[in-house]
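Below are the chains, spelled out letter by letter.
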Amino acid sequence: MDIGAIGVYSSIFLALYLEVFLLITFFERRPAAKSATLPKRYPSVAILVPCWNKAATLGGTVESLLAMDYPKDKLSIVIIDDGSTDGTFEAAQKFAENPQVKIFQKKNEGSKYSALNFGIAHSDSELVGCLDADSFVEKDALVEIVKKFEEDQETYAVAPSMKVNKPRNLLEFMQATEYTFGIFYKKMFDNLAAISVLPGPFSIYRRSLFDKVGLFRKAHHTEDMEMAFRMHAHGLKIVNAHTAIVHTNVPTTVGALVRQRTRWSRGFLENSKDYSYMYLNTKFGNFGMLILPVGLLGFMLALYVAGYMLYKIGTMAATFILDFFATGVPVHAPTQLNLEWYYLNTSVMTFVIVAVLGMTLVAIAIGSRIAETKLGLKSYVSYFMLFGLVAPLWLARAAYDTITNNERGWLT
Amino acid sequence: MQWQKYILAFIITAAIFGTAFYITSRLDQARIADIRATQEAVSIDILSTETQFDLLGSLSCEVVSQNPVLSDELNSLASRLAVAEQNLGSTNEAVVSLKKQYSLLEIKDYLLMQELSQKCKSLKPAYILYFYSNTGDCEDCDRQGQVLTYLRQTYPGLRVYAFDYHLELAALTTLERLHKIDAQKGLPAIVINNRAPVYGFKTLQDMEKLMPELKSLSTSTPPTSDSI
């Protein structure tokens, strides 16, 4: 057997192991359907909307917050213009007269955490949340999240389910499927008490959390991930409100997507270094024993597989070109296509790849059901055709940046 | 920690891999059975060739020219053999056995064509004996194979007989001796229409120069290098 293929088999085994593990987790405790019950008490909530150059989308974000089914005297919105240069502050003035809305302007400090901490300092509610200024909440999202806090007083943070807002191009459709897959993952990580990130779009925290563990940190521009790591380090509970739906805008170009994901991936690697003591440490439960090690190993193996595939395709292409010039045989289509089973590829690799793809489809289908979302053929096709091509770009970039200690900033 | 779940997930994953290995192994066994069936078919074909030869020997040249001898069987066998070699390895016992049978069939077909061309002067056979090696001593054999495959596809009347030089088969050794094939001079070696062997890689253009007979053969695809 090709020695290089052993690494590919290891990657497939790991991917399959994680999918099997999560599917067992799903069958152990299936996510409950949305109930009509309302919270017994409505705690005060401040939603921080940090924004940097979000003039185009800020209005829609704030309007979606104001339209939520939540007592107006219990909900305040804190817009923090983080040094925008595109008229974001002026756009925010539209809400200046609304008693629920407070608008602040501050100097940009190079990362989002400072805007969040600014907002926490300028609010006094029982719960504090964040909503990125390019995301939009459904009307009952906050109620669904508050119910989670009410269920367990030991819950210190709640993450929602995220969907892609109105996908238009292939890259957005690809991310729509990926986010739906993510809904399944997040819920299963919740079952395992191992949620690894509290995303910017509408994660809500008890204010007392910040007294226990401190405020947000720069954390390699992934303050939302670092906060989740820190909470696990302190044994504090994070849950997922899968019925709380948030729609978010996603990058529409490959360049923007790679930049965003490089930041996320680099953040994972750097936070992994900072919290390396949690790896394979039973004290941190499934987070330390499964999610972190599988995440890091998956990162490395994905890069290996991408490199291996690149090498294989490159070798094939080079051979084809050299043969073309050496033999003088013109490029031609095969004279016949054998569809008889004898000629089919029936290697072990084929069957295990089919198994992984099958389980991935099952996971996406479960994610769709959890979040009551419908994905079209375009979403599935673009995900399976594109994701494997673009993901190695940000993984390689993040690995390079981490090794060379290259600082890129928030969005570069 | 739910260690049982970690172990259960591992067992299920290993079982999926095990199932994949099992299915692949069963399919490989089915391929071997298919090869054995093909071997039997080859045996019948060899006998058929001999009988056909006896029959055609007494028939008119007109009938001969219309009779497709064994080219279809040869091509089908060649492609099955290539897949079997790729999946099961060139040293697999069944593969080697099939290869020997295949080589015998080729030699039989070649001899038949020789006899026919002597009997029927109107028949102008165009054939190539191609001696290759896949034991690492012939860097250009893959490329030579591409050139000859293309020629065979382009000129359906051209018969290309490919032989593994190192195959331990008495009849093949005799054929090599008859045509004075010497691997020391460098494989691949090519014999065109019974002429002296030529050694080393030959491009499509070289082959067209070496084999002017090609011009008189009908083509199934647009002609080769001249029209590129």
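Keep in mind the model is a prediction, meaning the values are calculated, not measured.

A. Spatial organisation of helix 10 (residues 285–327) of chain A. Between its first and last C-alpha, helix 10 of chain A extends 61 Å over 43 residues, near the 63 Å set by a 1.5 Å rise per residue. At I291 of chain A, helix 10 of chain A shows its largest bend, some 25 degrees, and a proline, P293 of chain A, comes one to four positions later. Residues of helix 10 of chain A that are buried include every one of N286, F287, G288, M289, L290, I291, L292 and T327 of chain A, and no others. Those residues of helix 10 of chain A hidden inside the fold are in contact with helix 1 (3–28), helix 6 (170–191), helix 8 (223–233) and helix 9 (254–274) of chain A together with helix 5 (141–154) and helix 7 (204–210) of chain B. Residue G328 of chain A follows helix 10 of chain A closely and has a positive phi angle near 80 degrees.

B. The arrangement of the sheet that holds strand 8 (residues 237–248) of chain A in detail. Residue and element names in this part refer to chain A. In spatial order, the strands read 3-2-1-4-7-6-8-5; together these eight strands make up an open sheet with mixed pairing. Either end of the sheet is taken by a strand with one partner, and the two such strands are strand 3 (101–106) and strand 5 (135–137). Strand-to-strand, the axes of this sheet are offset by a mean angle of 30 degrees, without reference to chain direction. Direction of pairing for strand 2 (residues 75–82) relative to strand 3: parallel, over a ladder of six bridges. The residue bridging I77 from the neighbouring strand is V101, located in strand 3. In the packing of helix 5 (residues 141–151) onto the sheet, contacts are made with strand 1 (45–51), strand 4 (127–130), strand 5, strand 6 (155–164), strand 7 (204–206) and strand 8, and the angle to strand 8 comes to roughly 175 degrees.

C. Looking closely at the pairing of strand 6 of chain A. All names here are of chain A. Across the ten residues that make up strand 6, a large majority, ten, are buried. Taken together, the eight bridges between strand 6 and strand 8 define a ladder with parallel strand orientation. Bridged to V158 within strand 8 is V239.

D. Just the domain arrangement of chain B, in detail. Residues and elements named next belong to chain B. In terms of domain boundaries, chain B breaks down into domain 1 (1–123) and domain 2 (125–228). For the side of domain 1 that touches domain 2, the element with the most residues is helix 4 (residues 93–119), which contributes nine residues. Partitioning the side of domain 1 that touches domain 2 into residue classes produces five nonpolar, four polar and three charged.

E. Main features of the confidence of the model for chain A. This prediction gives chain A a mean pLDDT of 94; 98% of its residues lie at or above 70. Predicted confidence in chain A is weakest over helix 1 of chain A, with a mean pLDDT of 93, and strongest over strand 7 of chain A, with 98.

F. Focus on the interface of chain A and chain B. With 25 residues of chain A at the interface, the matching set in chain B holds 29 residues. Counting residues per element, the ones that place at least two in the side of chain A that touches chain B are helix 1, helix 10 and helix 11 (348–370) of chain A. For the side of chain A that touches chain B, the element with the highest residue contribution is helix 1 of chain A, accounting for six residues. Class assignment for the residues of the side of chain A that touches chain B results in 16 nonpolar, eight polar and one charged.

G. Geometry of unusual backbone geometry. With omega at 5 degrees, the peptide bond leading from L187 of chain B into P188 of chain B counts as cis. The phi dihedral of N405 of chain A is positive, around 60 degrees, even though this residue is not glycine. Along the chain, the position of N405 of chain A falls in the segment after helix 12 (377–404). The phi dihedral of K180 of chain B falls on the positive side, at around 55 degrees, and the residue is not glycine. Tracing the sequence through the fold places K180 of chain B in the loop between helix 6 (170–178) and strand 3 (189–192). Residue class for K180 of chain B comes out exposed when judged on the 11 C-beta atoms lying within 10 Å of it.

H. Quick look at the confidence of the model for chain B. All names here are of chain B. Confidence in the prediction for chain B averages 82 pLDDT; 83% of positions are at 70 or higher. Mean pLDDT in chain B bottoms out at helix 2 (residues 61–66), which sits at 59, and peaks at strand 3, which reaches 96. Low pLDDT, under 50, characterises residues 223–228; the predicted model gives this stretch nine contacts beyond four residues in sequence or across chains. Reported confidence for the predicted complex is 0.86 by ipTM and 0.84 by pTM.

I. Representation of the packing of helix 1 of chain A against helix 11 of chain A. Residue and element names in this part refer to chain A. Running from amino to carboxyl end, helix 1 crosses helix 11 at an angle of 35 degrees, the nearest separation of the two axes being 10 Å. Seen from above, helix 1 lies across helix 11 with left-handed handedness. For the pair helix 1 and helix 11, contact is made by I12, A15, L16, E19, L22, L23 and F26 and by V352, I353, A355, V356, M359, T360, V362, A363 and I366, respectively. Counted by class, the contact of helix 1 with helix 11 contains 14 nonpolar, one polar and one charged residues.

Cut-offs used in this document
- Residues numbered from 1 in each chain as written.
- Chains lettered and ligands numbered in written order.
- Predicted model: local features only at pLDDT ≥ 70, side-chain atom pairs only at ≥ 80, totals over all residues.
- Helix = DSSP H or I, 4+ residues; strand = E, 2+ residues; numbered from the N terminus.
- Expected span 1.5 Å × (residues − 1).
- Bend = angle between axes of the 7 residues up to and from the residue.
- Buried ≥ 20, exposed ≤ 12 C-beta atoms within 10 Å, placed from the backbone.
- Contact = placed C-beta atoms within 7 Å.
- Pairing = 2+ DSSP bridges.
- Axes fitted to C-alpha atoms, helices over the stretch in contact; angles between N-to-C directions.
- Domains from an automatic or database assignment.
- Nonpolar A, V, L, I, M, F, W, Y, C, P; charged D, E, K, R; others polar.
- pLDDT = per-residue confidence, 0-100.
- Left-handed = near helix turned anticlockwise from the far one by under 90°.

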